[in-house]
Amino acid sequence: MIIGNWKMNTLRADALALANAVMEMEYLDSTRVGICPPALWIDPITRIVKDSSILVGAQDCLGDRAGAHTGCINAAMVCDAGCSMVILGHSERRARFGETSEKLLNTVAAVLETGMFPLVCVGETKKQRESGKAFDVVAGQLRPLLTSGLDLGGIVIAYEPVWAIGTGLSASRKDIEEMHATVREVINRNDTLVLYGGSVSPESADDVFNAEGVSGALVGGASLNVSKFAAIVAAWERK
Ligand code: PGA
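Report on the accompanying structure. (Residues numbered from 1 in each chain as written. Predicted model: local features only at pLDDT ≥ 70, side-chain atom pairs only at ≥ 80, totals over all residues. Heavy atoms only, no water.)

### Regarding the site of the ligand
Surveying the vicinity of the ligand reveals 13 residues, the closest of which are K7, H90, E160, G166 and S199. Contacts to the ligand include G166, whose backbone N or O atom sits 2.6 Å from an oxygen atom. Summarising the interface, the protein chains cover 95% of the accessible area of the ligand, which totals 280 Å² for the free molecule. At a threshold of 2 Å from the grid points, most atoms of the ligand map onto the second largest pocket. (Near = heavy atom within 4 Å. Polar contact = N/O pair within 3.5 Å; in protein donor to acceptor, adjacent residues only side chain to side chain. Areas by Shrake-Rupley, 256 points an atom, 1.4 Å probe, with all protein chains shown as cover. 1 Å grid on protein atoms, 1.4 Å probe; cavity = no way out; pocket = protein on both sides within 12 Å on 5 of 7 lines; lining within 4 Å. Sits in = over half its atoms within 2 Å of the grid points.)

### Notes on the sheet that holds strand β3 (residues 55-58)
What holds strands together in a sheet is hydrogen bonding between their backbones, with the strands either parallel or antiparallel. With respect to topology, eight strands assemble into a closed barrel ordered β1-β2-β3-β4-β5-β6-β7-β8, the strand pairing being parallel. Neighbour to neighbour, the strand axes of the sheet diverge by 25° on average, direction disregarded. Two strands pair when backbone bridges link them, and strand β5 (residues 117-122) and strand β6 (residues 156-159) are joined in this way by four bridges, in the parallel orientation. What sits directly across from L119, in β6, is V156. In the packing of helix α7 (residues 134-147) onto the sheet, the strands contacted are β5 and β6, and the crossing angle to β5 comes to about 150°. (Pairing = 2+ DSSP bridges. Helix = DSSP H or I, 4+ residues; strand = E, 2+ residues; numbered from the N terminus. Axes fitted to C-alpha atoms, helices over the stretch in contact; angles between N-to-C directions. Contact = heavy atoms within 4.5 Å.)

### Quick look at the pattern of salt bridges
Taken as a whole and judged by the stated rule, the model has twelve salt bridges. As a salt-bridge pair, D43 and R47 come within 3.0 Å of each other at their nearest N and O atoms. Taken together, the residues D43 and R47, both in helix α2 (residues 42-48) and four residues apart, mark about one turn of the helix. Judged by relative accessible area, D43 falls into the partly exposed class, the value being 34%. Note that K50 and D51 form a salt bridge whose closest N and O atoms lie 3.9 Å from each other. The pair formed by K50 and D51 is uniform in burial state, with each residue classed as exposed. Sharing partners across several salt bridges, the network here consists of D60, R93 and E99. (Salt bridge = Lys/Arg side-chain N within 4 Å of Asp/Glu carboxyl O. Buried < 20%, exposed > 50% of the residue type's maximum accessible area, 1.4 Å probe, protein only.)

### Notes on the state of the cysteines
A full pass over the atoms with the stated rule returns zero disulfides. C61 carries a free sulfur, and the closest cysteine sulfur to it, the one in C83, is 9.0 Å from it. Here C79 is not disulfide-linked; the sulfur of C83 is the nearest cysteine sulfur, at 8.2 Å. (Disulfide = S-S within 2.5 Å.)

### As for α7
In this model α7 runs 21 Å from its N-terminal to its C-terminal C-alpha over 14 residues, within 8% of the 20 Å that 1.5 Å per residue would give. Along α7, the sharpest kink reaches roughly 30°, centred on Q141 and followed within four residues by the proline P144. Along α7, the residues that are buried comprise A134, V137, V138, A139, Q141, L142, P144 and L145. In the core, the buried residues of α7 are packed alongside α4 (91-97), α5 (101-114), β5, α6 (126-130), β6 and α8 (173-187). (Expected span 1.5 Å × (residues − 1). Bend = angle between axes of the 7 residues up to and from the residue.)

### Topic: unusual backbone geometry
In the Ramachandran plot, K7 falls in the positive-phi region, its phi being about 55° despite a non-glycine side chain. With respect to the helices and strands, the residue K7 is situated in the loop between β1 (2-5) and α1 (12-23). The residue N188 is not glycine, and still its phi comes out positive at about 55°. Looking at where N188 falls in the secondary structure, it is placed in the loop between α8 and β7 (193-197).

### Some thoughts on the pairing of strand β4 (residues 85-88)
Here β4 shows two buried faces, one formed by M85 and I87 and the other by V86 and L88. Where β3 and β4 come together, two bridges link them in parallel fashion. The partner of A58 across the bridge, within β4, is V86. What joins β3 to β4 is helix α3 (residues 75-80), and the crossover it makes is right-handed. Bridge analysis of β4 against β5 gives four bridges, and the strand direction is parallel. (Right-handed = clockwise from strand over helix to strand, strands pointing away.)

### Regarding the layout of surface pockets
Roughly 780 Å³ of internal volume is contained in the largest pocket. Along the wall of the largest pocket there are 28 residues; nearest its centre are Q59, D60, R93, F97 and E99. At the level of elements, α4 and α5 are the ones that each hand at least two residues to the lining of the largest pocket. Of the residues in the lining of the largest pocket, the class split is twelve nonpolar, eight polar and eight charged. Roughly 200 Å³ of volume is contained in the second largest pocket. In terms of lining, the second largest pocket is formed by 17 residues, of which the most central are G166, G198, S199, G220 and G221. Taken together, the residues that form the lining of the second largest pocket break down as five nonpolar, ten polar and two charged. (Points joined across faces, edges and corners; volume = space filled by probe spheres on them. Nonpolar A, V, L, I, M, F, W, Y, C, P; charged D, E, K, R; others polar.)

And the structure:
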């Protein structure tokens, strides 16, 4: 599974052009490809991709029922707009809005309830890695999900080391393998997809995808350029 996280990029015309370009990519029948545009462009994009296998996702939502939450959208709305997934707990939101796995539990539950899948991001900062705490941090971010009593059958995890996001410096194959093994050990399920994210590019993709335990990628910057995004999908295909 290769998912593009467009973050807070694209105006309407760029977004629609990019979605149309993604529609023309190769291997859409054999690799699950998804795009997560800014919330405003979800509706027109679901119309563009409706006859394809491309998944559309939101970058965040609330788990609350409809009500007085100015500026927010909830899981039911995102689902109704045609999404099949929601990115949750991205490190940029953890850092800026104080999101934690504990606080996200009701959103994870609400997303699962709609039939969409949550794509939950975990990952350590540079400081945490340098102080030898990377594995504890990631396990700590996963643990609330495990003790929540939720059926995690539909969940997808993305391991995204914060120090690798947007830096052009993807984690080494060894780092990825070690952390993916830890993630799989903690969640203790064989069927969970565990993606890697953090500077995945046409140059780094082969290395990332050859790492043991990697089920695909969450791609930020490179997903805004269809040639690069297509090259990453092609790398997955030749794995
Ligand atoms: P990047 O972002 O590919 O630009 O490093 C990945 C992400 O934050 O999901």
